[in-house]
Amino acid sequence: MATRNSIECPVCREPPAPNQQLEEHLYTTHTKRKLAKFIVAETTVQTNEDVSE
């Protein structure tokens, strides 16, 4: 039987609680500021990768 990898929050690297969707976890666990900082950091990494290619 195949097993499914559990979903991990990209911000805190923890799985959502059982029976909790990732979107709900992000909304209830992380502040807007923390989510914004994560998005900026990811965008910066992607932008820098594009420049170095």
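Note that the coordinates shown come from a computational prediction; the quantities given were computed from them, not determined experimentally.

Asks: Please explain the overall build of the protein as it appears in this structure.
Replies: The helix and strand inventory of the protein stands at two helices and zero strands. Surface summary for the protein: the accessible area is close to 5000 Å², and the carbon and sulfur share equals 53%.

Asks: Would you mind showing me how to read the pattern of salt bridges here?
Replies: One side chain can pair with another of opposite charge once the charged atoms of both are near each other. Scanning the model with the defined rule gives one salt bridge in all. Between E8 and R13 there is a salt bridge whose closest N-O contact spans 3.5 Å. Judged by its relative accessible area of 42%, E8 is partly exposed.

Asks: Would you mind showing me how to read the state of the cysteines here?
Replies: Structurally, a disulfide amounts to a covalent bond that connects the sulfur atoms of two cysteines. Under the defined criterion, the tally for this structure stands at zero disulfides. C9 carries a free sulfur, and the closest cysteine sulfur to it, the one in C12, is 3.7 Å from it.

Asks: It is not clear to me how the side chain of H25 should be interpreted in this structure. Could you clarify?
Replies: Along the polypeptide, H25 turns up in helix α1 (residues 22-29). Beyond its immediate stretch of four places on either side in the chain, H25 contacts C9, C12, P16, Q20 and H30.

Asks: Would you explain the side chain of H30 in this entry?
Replies: Structurally, H30 can be placed in the loop between α1 and α2 (32-52). Among the polar contacts listed, one links the side chain of H30 to the side chain of H25, at a separation of 3.4 Å. When residues no more than four places from it in sequence are discounted, the contact partners of H30 are C9, V11, C12, H25 and L35.

Asks: Explain unusual backbone geometry here, please?
Replies: The general pattern is negative phi for most residues beyond glycine and trans for most peptide bonds. Look at R13: it is not a glycine, yet its phi comes out positive at around 60°. Residues other than glycine seldom take positive phi values, yet N19 does so here, at roughly 65°. Note that N19 resides in the segment before α1.

Rules of the game
Residues numbered from 1 in each chain as written. Predicted model: local features only at pLDDT ≥ 70, side-chain atom pairs only at ≥ 80, totals over all residues. Heavy atoms only, no water. Helix = DSSP H or I, 4+ residues; strand = E, 2+ residues; numbered from the N terminus. Areas by Shrake-Rupley, 256 points an atom, 1.4 Å probe, with all protein chains shown as cover. Salt bridge = Lys/Arg side-chain N within 4 Å of Asp/Glu carboxyl O. Buried < 20%, exposed > 50% of the residue type's maximum accessible area, 1.4 Å probe, protein only. Disulfide = S-S within 2.5 Å. Contact = heavy atoms within 4.5 Å. Polar contact = N/O pair within 3.5 Å; in protein donor to acceptor, adjacent residues only side chain to side chain.

Honestly, it's all geometry; don't read function into it.
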